[in-house]
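Fold and contact review
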Amino acid sequence: MADVARLAGVSSQTVSRVSNGYAGVNEETRQQVLAAMQELGYRPNSAARALKRGEFRTIGVITFGLSTTGNVRTLEAIATSAAHEGYAVTLLPVAVPTQDEVRGAFSRLGELAVDAVIVILEVHLLDAVALTLPPHIQVVVADSDAGDRYTVVDTDQAGGTRAAVRYLLDLGHETVWHLAGPEESFAAQRRADAWRAELTEAGCTAPPLVRGDWSAESGYRAGLELAAQQDCTAVFAANDQMALGLLRALHEQGRYVPDDVSVIGFDDIPEAGSFLPPLTTVHQDFAEVGRRCVEGVLRQMRHDAAEHGTTLVPTRLVVRDSTAAPRGR
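Scope of this entry: the structure provided in the associated data block. (Residues numbered from 1 in each chain as written. Predicted model: local features only at pLDDT ≥ 70, side-chain atom pairs only at ≥ 80, totals over all residues. Heavy atoms only, no water.)

Here we take up the sheet that holds strand E8 (residues 234-237). By definition, the strands of a sheet pair up through backbone hydrogen bonds, in either a parallel or an antiparallel sense. A sheet is described by the order of its strands in space; here six strands give the open sequence E7-E6-E8-E9-E10-E12, paired in mixed fashion. Each edge of the open sheet is held by one strand with a lone partner, namely strand E7 (210-211) and strand E12 (316-318). Two elements, E8 and strand E9 (residues 262-267), share three bridges in a ladder whose sense is parallel. Within E9, the position partnered with Val-235 by the bridge is Val-263. Docked against the sheet, helix H8 (residues 186-201) engages strand E6 (177-180), E8 and E9, running at close to 175° with respect to E6. Sheet contacts for helix H10 (residues 240-252): E6, E8, E9 and strand E10 (280-283); angle to E9, the most-contacted strand, approximately 160°. (Pairing = 2+ DSSP bridges. Helix = DSSP H or I, 4+ residues; strand = E, 2+ residues; numbered from the N terminus. Contact = heavy atoms within 4.5 Å. Axes fitted to C-alpha atoms, helices over the stretch in contact; angles between N-to-C directions.)

This next bit is on the packing of aromatic side chains. Throughout the structure, instances matching the rule amount to one aromatic pair. An angle of 65° between the planes, with centres 6.3 Å apart, marks the rings of Phe-236 and Phe-266 as edge-to-face. Here Phe-266 lies in strand E9 and Phe-236 lies in strand E8, a separation of 30 residues in the sequence. Look at Phe-266 and you get buried, because its relative accessible area is 0%. Above the face of the Tyr-87 ring, Arg-57 is positioned so that its terminal group lies 4.3 Å from the ring centre. (Phe/Tyr/Trp six-rings, centres within 6.5 Å; stacked < 30°, edge-to-face > 60°. Buried < 20%, exposed > 50% of the residue type's maximum accessible area, 1.4 Å probe, protein only. Lys NZ or Arg CZ within 6 Å of the ring centre and 35° of its normal.)

Turning next to the pattern of salt bridges. Applying the stated criterion across every chain, the model contains 14 salt bridges. Between Asp-260 and Arg-327 there is a salt bridge, with its nearest N and O atoms 2.7 Å apart. Separated by 67 residues along the polypeptide, Asp-260 in the loop between H10 and E9 and Arg-327 in the segment after E12 bring together distant segments of the chain. Taking the relative accessible area as the measure of exposure, Asp-260 reaches 18% and is therefore buried. Classification of Arg-327 as exposed rests on a relative accessible area of 58%. Salt bridges sharing common partners tie together Arg-162, Arg-166, Glu-198 and Glu-201. (Salt bridge = Lys/Arg side-chain N within 4 Å of Asp/Glu carboxyl O.)

The next point concerns a nonpolar patch on the surface. Residues Leu-66, Val-72 and Leu-91 make up a contiguous nonpolar surface patch of roughly 210 Å² in combined accessible area. On the secondary structure map, Val-72 appears in helix H5 (residues 69-84). What makes Val-72 partly exposed here is its relative accessible area of 38%. (Patch = residues over 30% accessible without salt bridge, like charges linked within 9 Å, V, L, I, M, F, W, Y side chains within 5 Å. Areas by Shrake-Rupley, 256 points an atom, 1.4 Å probe, with all protein chains shown as cover.)

Dropping the structure here:
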């Protein structure tokens, strides 16, 4: 630091302020210091800064899988938001969703020196009714039913589902079939519950639920089953990948979308508008979920009032060409 100060013609304190990103340094001086750092190959010692500040400027993320769109896009949003705030992200995937694995993950993240933890808990634990996290940890839970014990951020799964089902009923369909996600998924459970509740409130009979595993292949298999149901004129799929497989199965079985069957997905993946036909779907704001997760742990780290309970990020229905009124309406 003294070498940088000497070359830039400034004080060591000014070099410190520039390297730590503090305000109060005019732009010309800042550029002089940065040029000196580059010339000398100077890199701030992150370990020393962590000891001095008492923080590592790193957020740990625990997730139980990276195979689903929701988890991957939530993780991407968390990393982007953390970087915007000057924090790095340490990712720790956990193979088996058990309480012991959660405790082990927290222990390993403690060894890796993180300031706070975000848990992407999309599935039920296999060995516990409810999630229990180590005490005195700055933590936010994404996509779970951790409830009032922790700070939780989630998409408004029920609101998005109800809007999709209501839209199909308003088009004139007598009922809506549901291609659900896996039983162990919190999101799949909420969407299935909201689908059934919306039909009940509308006075419609809920058809038998058909289940997939989030993949397009499972959507295809379910689609073959649904195509055989001649009274099936509308399907709400719990995610866009399953909707893609469903579209293929309906096409192969001569059930045209949307003339014979209307289809709505959930997620609004970037490719949804390129499906054939372009897919009507529920848009999830993953960027906002990630931003609120990071905001939540930073507030705890700064000792602001922690808001326990669930914050729901709104969804919106994106109408494209895969939905229409049933024949004769």
